[in-house]
Amino acid sequence: MIDIKRIVKEPEAVIDGLKRKNEDFTPQIRKLIELDRERRDAITATEELKRERNEASRKIGQLKKEGKETDAIMSQVSGIGDTIKEKDALIARMEEEMNTILLSLPNIPDPSVPDGKGEEENLVVRDRGEVRKFDFPVQDHVSLGEKDSSLDLERGAKVAQARFHYKRHELALLERALINFMLDLHTRQHGYVEYSVPFMVNRDAMTGTGQLPKFEEDLYRLEEDDLFLIPTAEVPLTNLFAGEILPLDSLPVKVTSHTPCFRREKFSHGKDVRGILRQHQFHKVELVKFVRPENSYRELESLVSDAEAVLEALKIPYQVLLLCTGDMSFSSAKTYDIEAWIPSQGRYREVSSCTNFEDFQARRAGIRFKNESGKNEFVHTLNGSALAVGRLLIALVENYQEADGSVSIPEVLQPYMNGTKSILKGKE
């Protein structure tokens, strides 16, 4: 949520900043300024009425002490009270309308973010690792996994629908190994605290991180309880401190969690239909930070480095992109994507998105800290996938495939695989 004070103080700068995301919110900004002015006038008028009522009440008490008539002035007080109730109701309606508009406004891009219309204008910041040259025909993850039913798309569709799947045996073990490896890396080496979190959250939590109200149709909702299946662990992790004031000496707070994630993916109909690249249910290891505002962009670079470390350890080629304004998320102020090399496609595909939201989420969720002067101030929040498990698994099996269709296991993963050095050898 953008600070209303910022909107009132520098409306043109806010309008120009939002236009960088290729949308014009001028009418909404003008309406907010008008409503804010009317609300302030109504508050001033109400405070004056309350002062008059208090003064009249004081006079009534004095008149009663003196044994004098009070009917006329009591009638006056009653009329003032009714007007105050009307004014309070009007103020509440204006604040509700303002809040609705504020929740509809995306975050303003940081000045360092390049302008652009879409993903083709993202900037490659760096690439790491050497792309392997195969001396045999490359198979994709579906061909590698289906030969011994380690990857079963048909049964996933049978018991659910398309874009659900089963993994079995060694492929299921590999998925679990990747999860445990990443959690150990981030907790033991990068200083994150692991949480086990709810997989369903309420409407306030979804609103706090920016999924609601704009993206409700992309979410899975349990209607009877008005709960939502989480699209990412970012939601329960960020809302961990919703409505709280964090001590200054606790910052930065760094937390991580592995969860399944649930997304309708309505926007991607007909896209990436083969395999498990784009699913309605998938696993991720998520990183979330709560930091002081002056440190948030340094912490963003550190967050990206933490996510990169997974691919570095697994020796999978990758590149880092700085997203342009037209490819950023609703809540983002600045985002880096990390993309792993997928041999069967001959291209890099996203396995992580690392974002600084500045105080956008913290304002919506009410997450603050007490600064040196004792004043409450909104934290900056950051999050990143480190990494998306299914897509990482695709990159691993394709990059480590052998001519016989088996897949070698990177050395760092072998302890998590009971010492196994090779999988998918065609054995049941």
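Structural data are supplied above this passage.
Please read all numbers here as calculations on a predicted model, not as lab measurements.

Asks: Residues and numbers for the overall build of the chain, please.
Replies: When its secondary structure is counted, the chain shows twelve helices and 18 strands. Its C-alpha atoms give the chain principal-axis dimensions of about 105 × 45 × 45 Å. In the chain, which comprises 428 residues, the proportion classed as buried is 51%. Within the chain, counting contacts between residues at least 6 apart in sequence, those at least 24 apart form 73% of the total. Summed over its atoms, the accessible surface of the chain is roughly 20700 Å², and 47% of this surface lies on carbon and sulfur atoms. Mean positive and mean negative side-chain charge positions of the chain (62 and 73 charges, respectively) differ by 2 Å.

Asks: Provide a residue-level description of the packing of aromatic side chains, including the pertinent values.
Replies: If you walk through the whole model with that rule in mind, you get six aromatic pairs. With a centroid separation of 6.1 Å and an interplanar angle of 75°, the aromatic rings of F181 and Y416 are classed as edge-to-face. Taken as a pair, F181 in helix α7 (residues 169–189) and Y416 in the loop between β17 (407–408) and β18 (422–423) lie far apart in primary sequence, 235 residues in all. Among the residues examined, F181 registers a relative accessible area of 8% and is labelled buried. Taking relative accessible area as the criterion, Y416 reaches 24% and is therefore assigned partly exposed. Centroid distance F241 to F290: 5.1 Å. Interplanar angle 85°. Geometry classified as edge-to-face.

Asks: Any chance you could break down a negative patch on the surface for me, citing the residues and the numbers?
Replies: On the surface, E34, E38, D41, E96 and E97 cluster together into a negatively charged patch. Looking at the negative patch, the elements with two or more residues in it are α3 (26–65) and α4 (71–104). In terms of residue count, α3 provides more of the negative patch than any other element does, three residues in total. By the secondary structure assignment, E38 is in helix α3.

Asks: Mind laying out the sheet that holds strand β5 (residues 200–202), listing which residues take part and the relevant values?
Replies: In spatial order, the strands read β5-β7-β6; together these three strands make up an open sheet with antiparallel pairing. Each having just a single partner strand, β5 and β6 (221–222) make up the two edges of the open sheet.

Asks: Which residues make up the packing of α7 against helix α10 (residues 296–314), and what are the values?
Replies: Put simply, α7 and α10 touch, their axes get as near as 11 Å, and they point 125° apart. Here α10 runs oblique to α7, going by the angle between their axes. By crossing handedness, the relation of α7 to α10 is classed as right-handed. Where α7 approaches α10, its residues L178, F181, M182, L185 and H186 are matched on the opposing element by D306, A309, V310, A313 and L314. A per-class count over the contact of α7 with α10 returns eight nonpolar, one polar and one charged.

Asks: How would you explain α4 if you had to name every residue and give the values?
Replies: The terminal C-alpha atoms of α4 lie 50 Å apart, and with 34 residues this matches the ideal 50 Å at 1.5 Å per residue to within 8%. For α4, the full list of buried residues reads I73, V77, I80, G81, I84, I91, M94, M98, I101, L102 and L103. Where α4 is buried, its residues meet α1 (4–9), α3, α8 (203–209) and α11 (360–365).

Asks: Hey, could you go over the sheet that holds strand β1 (residues 123–128) for me, with residue numbers and the actual values?
Replies: By definition, the strands of a sheet pair up through backbone hydrogen bonds, in either a parallel or an antiparallel sense. An order of β1-β11-β12-β13-β16-β10-β9-β4 is seen for the eight strands of this open sheet, with the pairing classed as mixed. Only two strands of the sheet have a single neighbouring strand rather than two, namely β1 and β4 (193–194). Sheet topology places β1 next to strand β11 (residues 318–322); five bridges connect them, and they run antiparallel. The residue of β11 that forms the bridge with R126 is V320. Relative to strand β10 (residues 281–291), α7 is tilted by about 5°, and along the sheet it contacts β4, β9 (253–262), β10 and β16 (380–388).

Asks: Before we move on, can you summarise the pairing of strand β12 (residues 334–342) with the specific residues and values?
Replies: A large share of β12 lies buried, amounting to nine of its nine residues. In this sheet, β12 lies alongside β11 in antiparallel orientation, the contact comprising five bridges. Pairing of Q319 across the sheet is with E339, part of β12. Bridge count for β12 against strand β13 (residues 347–358) is nine bridges, and the pairing is antiparallel.

Asks: Before we move on, can you summarise the side chain of R364 with the specific residues and values?
Replies: If you trace the backbone, R364 turns up in helix α11. Although buried, R364 forms no salt bridge, and the nearest oppositely charged side chain, E234, lies 9.5 Å from it. Reaching out from R364, the side chain makes a polar contact with the backbone oxygen of L103 at a distance of 3.4 Å. Sequence-distant contacts of R364, that is, excluding residues within four places in its chain, are made with M1, L103, T207, G208, G210, L212, P213 and F330.

Asks: Describe the pairing of β11, naming the residues involved and giving the relevant values.
Replies: Here β11 lies mainly inside the structure; five of its five residues are buried. Residues Y318, V320 and L322 of β11 are buried on one face, and the alternating residues Q319 and L321, pointing to the opposite face, are buried as well.

Asks: Can you tell me about the side chain of T238, naming the residues and giving the values?
Replies: Tracing the backbone shows T238 in helix α9 (residues 234–238). If we ignore the near neighbours within four places in the chain, the residues touching T238 are T209, V288, F290, Q361, I367 and T381.

Asks: Go over the pattern of salt bridges, please, and point to the residues and values.
Replies: Applying the stated criterion across every chain, the model contains 23 salt bridges. Notably, a salt bridge pairs E308 with R126, separated by 2.6 Å at the nearest N-O pair. Of the two residues, E308 is situated in helix α10 and R126 in strand β1; the sequence distance between them amounts to 182 residues. Judged by its relative accessible area of 21%, R126 falls in the partly exposed class. A salt bridge links E299 to K289; the nearest nitrogen and oxygen atoms lie 2.8 Å apart. Here E299 is found in helix α10, whereas its partner K289 is found in strand β10, with ten residues between them in sequence. Taken individually, E299 and K289 each receive the classification buried, so the pair is uniform in this respect.

Conventions we followed
Residues numbered from 1 in each chain as written. Predicted model: local features only at pLDDT ≥ 70, side-chain atom pairs only at ≥ 80, totals over all residues. Heavy atoms only, no water. Helix = DSSP H or I, 4+ residues; strand = E, 2+ residues; numbered from the N terminus. Buried < 20%, exposed > 50% of the residue type's maximum accessible area, 1.4 Å probe, protein only. Contact = heavy atoms within 4.5 Å. Areas by Shrake-Rupley, 256 points an atom, 1.4 Å probe, with all protein chains shown as cover. Lys, Arg positive; Asp, Glu negative; His and termini not counted. Charge placed at Lys NZ, Arg CZ, Asp CG, Glu CD. Phe/Tyr/Trp six-rings, centres within 6.5 Å; stacked < 30°, edge-to-face > 60°. Patch = residues over 30% accessible without salt bridge, like charges linked within 9 Å, V, L, I, M, F, W, Y side chains within 5 Å. Salt bridge = Lys/Arg side-chain N within 4 Å of Asp/Glu carboxyl O. Pairing = 2+ DSSP bridges. Axes fitted to C-alpha atoms, helices over the stretch in contact; angles between N-to-C directions. Parallel < 35°, antiparallel > 145°, perpendicular 65-115°, else oblique. Left-handed = near helix turned anticlockwise from the far one by under 90°. Nonpolar A, V, L, I, M, F, W, Y, C, P; charged D, E, K, R; others polar. Expected span 1.5 Å × (residues − 1). Polar contact = N/O pair within 3.5 Å; in protein donor to acceptor, adjacent residues only side chain to side chain.

These values are about where atoms sit, not about what they do.
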